[in-house]
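Secondary and tertiary structure notes
Letter by letter, the chains look like this.
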Amino acid sequence: MLAGDFGEVVTLLGAGERIVTLDDARLEELPVSAAGRVAIGVMLEDERRLRELALEPVLNCIHGYPRDEESPVPTDVFSFHTDSAPVETDTWLCTYHGPASEGLRNDEAVRRVDIPSTRAALLESFGGEDGDDFRDYLSEHCYDLHYAPVPQAQPFSFGLGHLWRIAVDYPGSPVPPCIHRAPMHGPDDPPRLLLIS
């Protein structure tokens, strides 16, 4: 069980727009109870540990995300996707409060650009042939990083308080990238406290 009162921290942070980045000083100045102080200590310690690995963690209070509803392949964080990079790296995630991130096994997903009807819609939007230029177009718009669950797929929760190191798609990666997404987040849902690096 996650130690500390993260709900108290969220309440004291108050309302906000979309994604609010939290610095250490703001957290330390909150007039929290002893349980709230424990919660803040957990987050600061996780940040410290990641910085020791030469990473740059960011703690966000997330009230909502922008949606992408215009494209044949939505590329917002609610879509199952993989992270990519030109060099060797990983993504680190931890949800402390609110709905947790979700993952999907690689064998339970198909790239959206490989679904014939979606590929046809993307080709129409591209206005050209299915060749190298089209593949560049898919990559430039990150369409090739988004996935659909297969029938009977069973997404799993990352849970609360677990610091996940997830694989990224980079040249020469020895493992497949982790397929993941942010949980659906409605206006009445509590804000999320999320650490990402």
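These remarks concern the structure in this document. (Residues numbered from 1 in each chain as written. Predicted model: local features only at pLDDT ≥ 70, side-chain atom pairs only at ≥ 80, totals over all residues. Heavy atoms only, no water.)

What about the overall build of the protein?
Per the secondary structure count, the protein includes five helices and 10 strands. The C-alpha extent of the protein, read off along each of the three principal axes, is 60 × 35 × 30 Å. Residue pairs in contact within the protein that sit at least 24 positions apart in sequence constitute 79% of those at least 6 positions apart. For the protein, the accessible surface area stands at approximately 10,700 Å², while carbon and sulfur atoms represent 51% of it. (Helix = DSSP H or I, 4+ residues; strand = E, 2+ residues; numbered from the N terminus. Contact = heavy atoms within 4.5 Å. Areas by Shrake-Rupley, 256 points an atom, 1.4 Å probe, with all protein chains shown as cover.)

Observations regarding the packing of helix α4 (residues 116–126) against helix α5 (residues 132–140)
As a packed pair, α4 and α5 sit with axes 11 Å apart at the nearest point and diverge in direction by 100°. Classified by the angle between their axes, α4 and α5 sit roughly perpendicular to one another. Of the residues in α5, those touching α4 at R119, L122, L123, S125 and F126 are D133, F134, Y137 and L138. Of the residues assigned to the contact of α4 with α5, the class counts are six nonpolar, one polar and two charged. (Axes fitted to C-alpha atoms, helices over the stretch in contact; angles between N-to-C directions. Parallel < 35°, antiparallel > 145°, perpendicular 65-115°, else oblique. Nonpolar A, V, L, I, M, F, W, Y, C, P; charged D, E, K, R; others polar.)

Quick word on α4
Those residues of α4 lying buried are T118, R119 and L122. Viewed end-on, α4 has its buried residues packed into an arc of 100°, placing them on one side of the element. Turned more than 90 degrees away from the buried face of α4, the exposed residues are P116, S117 and E124. Looking at the buried positions of α4, the neighbouring elements they touch are α5. At the C-terminal side of α4, G127 shows a positive phi close to 80°. (Buried < 20%, exposed > 50% of the residue type's maximum accessible area, 1.4 Å probe, protein only. Arc of directions from axis to C-beta.)

So, the sheet that holds strand β1 (residues 19–22)
The strand order across the open sheet formed by five strands is β1-β2-β10-β3-β8, and the pairing between neighbours is antiparallel. Strands at the two margins of the open sheet, each flanked by one partner only, are β1 and β8 (164–167). The sheet shows a mean angle of 30° between the axes of neighbouring strands, direction not considered. Relative to strand β3 (residues 90–97), helix α3 (residues 34–52) is tilted by about 175°, and along the sheet it contacts β2 (58–62), β3 and β10 (192–196). (Pairing = 2+ DSSP bridges.)

Looking at the environment of T75
Following the sequence through the fold, T75 ends up in the loop between β2 and β3. You can call T75 partly exposed: its relative accessible area is 31%. For the pair T75 and L145, spaced 70 residues apart in sequence, the C-alpha separation works out to 8.4 Å. In contact with T75, not counting residues within four places along its chain, are D68, H141, C142, Y143 and H146.

Topic: the packing of helix α1 (residues 6–13) against α3
In contact at an axis separation of 7 Å, α1 and α3 are set at 90° when each is read in the N-to-C sense. The pairing of α1 with α3 is recorded here as roughly perpendicular in orientation. Note on element contacts: α3 touches α1 through A35, G36, A39, I40, V42 and M43, opposite F6, E8 and V9. Looking at the contact of α1 with α3 residue by residue, the class counts come to seven nonpolar, one polar and one charged.

With respect to α3
With 19 residues, α3 ought to run about 27 Å at 1.5 Å a step, and its terminal C-alpha atoms sit 27 Å apart, in line with that. Every buried residue of α3 is listed here: G36, A39, I40, M43, L44, D46, E47 and L50. Taken around the axis of α3, the buried residues stretch over an arc of 150°, which confines them to a single face. Turned more than 90 degrees away from the buried face of α3, the exposed residues are A34 and E52. Those residues of α3 that are buried lie in contact with α1, α2 (24–29), β2, β3 and β10. Looking one or two places after α3, you find A54, whose phi comes out positive at around 65°. (Expected span 1.5 Å × (residues − 1).)

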